[in-house]
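Below, each chain spelled out in residue letters.
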Amino acid sequence: MNVSAQLWEANQDLAQACLNHPFIEGIANGTLEKAKFAGYVGQDAFFLKAFARAYSIAAVRAEEWEDFTTFHALADGVLAELKLHKSYATKWGVDLSTTQPGNATRRYTDFLLATAWSTDIGVIAAAMSPCMRLYSFLGQQLGANGIPDHQYADWISTYSNAEFEALTQQLESLVEKYAAGNTSLYPTYRYAMFCELDFFEAVWAK
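Residues numbered from 1 in each chain as written. Predicted model: local features only at pLDDT ≥ 70, side-chain atom pairs only at ≥ 80, totals over all residues. Heavy atoms only, no water.

Caption draft 1: Geometry of the pattern of salt bridges. Under the definition given, this model contains five salt bridges. Where Arg190 meets Asp13, a salt bridge forms, and the shortest distance between an N and an O atom there is 2.7 Å. Of this pair, Arg190 sits in helix H10 (residues 185–205) while Asp13 sits in helix H2 (residues 12–19); the two residues are 177 residues apart in sequence, bridging distant segments of the chain. Classification of Asp13 as partly exposed rests on a relative accessible area of 42%. Of the charged contacts, one joins Glu64 and Lys177 as a salt bridge, the two residues approaching to 2.7 Å between their closest N and O atoms. A residue pair is termed long-range when its members are at least 10 positions apart, and Glu64 in the loop between helix H4 (34–61) and helix H5 (65–92) and Lys177 in helix H9 (residues 162–178) qualify at 113 residues. Of the residues examined, Glu64 reaches a relative accessible area of 39% and is grouped as partly exposed. It is possible to trace a salt-bridge network through shared partners that takes in Glu64, Asp67 and Lys177. (Salt bridge = Lys/Arg side-chain N within 4 Å of Asp/Glu carboxyl O. Helix = DSSP H or I, 4+ residues; strand = E, 2+ residues; numbered from the N terminus. Buried < 20%, exposed > 50% of the residue type's maximum accessible area, 1.4 Å probe, protein only.)

Have a look at this one:
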């Protein structure tokens, strides 16, 4: 089992907690209140902007050209996600320009950006990998029996498709490349997974 698989396996408790969270269950069956999803869209757009910046910082710090281009390709994937969020924002009247980050969002983005500025490429990749792998997992689980016909179908389609899985694997390849002997990967990965669960809880509770 490779390092990324080990990290993911070690955090199955948090992955299942996210899958079973009422926010995700509401997306799965289409019953999530529009106001809660609208709140999520605003918070996630703020998060994704920080996520793209973290990729850009990692690209600058990458010593090999191949890794530089991989991080930029991953950042392009985030920009594609943001386009989906803008369409949601338009649909539900969310003004992304005035959205302020909640505490859970800020904790997560501060962690990612601090990690991007202060650690090596392997740890940066390990900090960012849970978001990609978790969303790919959630999308594939929710779309396992086909994309449902309801208002959140686009969300499920985005995260269940092969293109998003390919981006996830690209990032995990960087974890593999730089993982050897780095003991900080496991606590870094797990903290990011906790941040994911806290994020869903925050947008659900608001």
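Caption draft 2: Here's a closer look at the nonpolar core. Ranked by internal contacts, the top residues of the largest apolar core, which has 73 residues, are Ile27, Phe37, Tyr40, Tyr55, Phe71, Trp155 and Phe200. The contact partners of Tyr40, leaving out residues within four places of it in the chain, are Phe23, His85, Tyr135, Trp155, Phe199, Phe200 and Val203. (Core = buried A, V, L, I, M, F, W, Y, C linked by side-chain atoms within 4.5 Å. Contact = heavy atoms within 4.5 Å.)

Caption draft 3: View of the environment of Leu171. Examined against the element boundaries, Leu171 turns out to sit in helix H9. Classification of Leu171 by relative accessible area gives buried; the value is 0%. Taking the C-alpha atoms as reference points, Leu171 and Ala126, 45 residues apart in sequence, are found 8.6 Å from one another. Setting aside its immediate chain neighbours within four residues, Leu171 contacts Tyr55, Phe71, Leu74, Ala125, Met128, Ser129 and Met132.

Caption draft 4: Main features of the packing of aromatic side chains. Applying the stated criterion across every chain yields a total of 19 aromatic pairs. Arranged with centres 4.9 Å apart and planes meeting at 65°, the rings of Trp155 and Tyr159 form a pair that is edge-to-face. Of this pair, Trp155 and Tyr159 both sit in helix H8 (residues 153–160), four residues apart, roughly one helical turn. The same class applies to Trp155 as to Tyr159, namely buried. The residue whose ring lies beneath Lys36 is Trp204, and the NZ or CZ to ring-centre distance is 4.9 Å. (Phe/Tyr/Trp six-rings, centres within 6.5 Å; stacked < 30°, edge-to-face > 60°. Lys NZ or Arg CZ within 6 Å of the ring centre and 35° of its normal.)

Caption draft 5: Molecular detail of the state of the cysteines. Applying the stated criterion to the full structure yields zero disulfides. In this model Cys18 remains outside any disulfide bridge; the closest cysteine sulfur is found in Cys131, 10 Å from its own. (Disulfide = S-S within 2.5 Å.)

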